[in-house]
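# Breakdown of the fold
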Amino acid sequence: MSTEPLHAHARAEDGTRLAYQRHGAGRPLVLLAGQANDHHWWDGVREDFHAAHSTITLDYRGTGDSGKPDGPYSTQVFADDVIAVLDDLGIERADVYGTSMGGRVAQWIAVRHPHRVGRLVLGCTSPAAPTPSNATPPSAARWPSPTPPPRARRCST
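Cut-off values and rules
Residues numbered from 1 in each chain as written. Predicted model: local features only at pLDDT ≥ 70, side-chain atom pairs only at ≥ 80, totals over all residues. Heavy atoms only, no water. Helix = DSSP H or I, 4+ residues; strand = E, 2+ residues; numbered from the N terminus. Buried < 20%, exposed > 50% of the residue type's maximum accessible area, 1.4 Å probe, protein only. Contact = heavy atoms within 4.5 Å. Phe/Tyr/Trp six-rings, centres within 6.5 Å; stacked < 30°, edge-to-face > 60°. 1 Å grid on protein atoms, 1.4 Å probe; cavity = no way out; pocket = protein on both sides within 12 Å on 5 of 7 lines; lining within 4 Å. Points joined across faces, edges and corners; volume = space filled by probe spheres on them. Nonpolar A, V, L, I, M, F, W, Y, C, P; charged D, E, K, R; others polar. Polar contact = N/O pair within 3.5 Å; in protein donor to acceptor, adjacent residues only side chain to side chain. Core = buried A, V, L, I, M, F, W, Y, C linked by side-chain atoms within 4.5 Å. Expected span 1.5 Å × (residues − 1). pLDDT = per-residue confidence, 0-100.

Looking now at the overall build of the protein chain. Scanning the protein chain from terminus to terminus reveals two helices and six strands. Each helix and strand of the protein chain, ordered N terminal to C terminal, gives the series β-β-β-β-α-β-α-β. A burial count over the protein chain gives 41% of its 157 residues as buried. In the protein chain, the proportion of contacts linking residues at least 24 apart, taken out of those at least 6 apart, comes to 65%.

The structure is reproduced here in structure tokens:
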């Protein structure tokens, strides 16, 4: 894999132009920024990953050099956009690191495309608040409910 920076564009399923950047060589690492940020979010730390990874960043639709179609925009749509970028690069599996809203996008990638995620890193993020469109991801319906811990008993001495 080349160490020369690549600045290119992929097309989302709906035709939206998606700007992305690849830097470095090594295991692919997708870096997902927080809400309303573009790929420059990672400029201060991107090189820190290059000893072991090539980094892939993108401008979410509506930001930076990506297309700005009318909505709706959602973290699920952004997750599909990331998959379009990976497809454009010919990458079947990548590590994914998302911060803030990017962490929500990363979670959707892991739930909807688990075979595409090597390692998942979530920073300063949370799951999305339940809405009719994201209340139960399809694979979550198969996950068993956690077993509650046994009730504590008072010990007598």
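To continue, consider the packing of aromatic side chains. Centre-to-centre distance and the angle between the planes together describe a pair of aromatic rings. Here the structure, examined in full by the defined rule, presents four aromatic pairs. Through pairs of rings, three or more aromatic residues link up here, namely Trp42, Phe49 and Tyr97.

Considering only enclosed or pocket space, the second largest pocket measures out at about 180 Å³ in volume. Around the second largest pocket sit Ala12, Glu13, Asp14, Arg61, Val77, Asp80, Asp81, Ile83, Ala84, Asp87 and His113, which together line it. Classifying every residue of the lining of the second largest pocket gives four nonpolar, one polar and six charged.

Its location among the elements puts histidine 53 in strand E4 (residues 53-58). The spatial distance from the C-alpha of histidine 53 to the C-alpha of leucine 29 is 6.1 Å, given a sequence separation of 24 residues. Contacts of histidine 53, omitting those with residues within four sequence positions, involve His23, Gly24, Ala25, Gly26, Arg27, Pro28, Leu29 and Asp95. In terms of polar contacts, histidine 53 uses its side chain to reach the side chain of aspartate 95, at 3.4 Å.

Before going further, it helps to spend a moment on the environment of aspartate 43. Structurally, the position occupied by aspartate 43 is in the loop between strand E3 (27-32) and E4. When the C-alpha atoms of aspartate 43 and threonine 57 are compared, they prove to be 10.0 Å apart, with 14 residues separating the residues in sequence. There is a polar contact of 2.6 Å between the side chain of aspartate 43 and the side chain of histidine 40.

What follows concerns the nonpolar core. Of all hydrophobic cores here, the largest spans 27 residues; its most connected members are Val30, Leu32, Val82, Val85, Leu86, Val105 and Ile109. Residue assignment for this core shows that the elements contributing at least two residues are strand E1 (6-11), strand E2 (17-23), E3, E4, helix H1 (75-89), strand E5 (94-99) and helix H2 (101-112). The biggest single contributor to this core is H1, with eight residues. Ignoring sequence-local partners within four residues, the contact set of valine 105 consists of Leu32, Tyr60, Thr75, Phe78, Ala79 and Val82.

Another aspect to go through is H2. Along an α-helix, residues three or four apart share an orientation, since each turn contains 3.6 residues. Over its 12 residues, H2 extends 17 Å from the first C-alpha to the last, a length consistent with the 16 Å expected when each residue adds 1.5 Å. Looking at H2, one finds that the buried residues are Met101, Gly102, Gly103, Val105, Ala106, Trp108 and Ile109. Residues of H2 that are buried in the fold lie against E3, H1, E5 and strand E6 (117-123).

Turning to the confidence of the model for the protein chain, a few remarks are in order. Model confidence for the protein chain is summarised by a mean pLDDT of 86, while 79% of its residues fall at 70 or above. Confidence drops under pLDDT 50 across residues 139-146; counting only partners more than four residues distant or on other chains, this segment forms three contacts.

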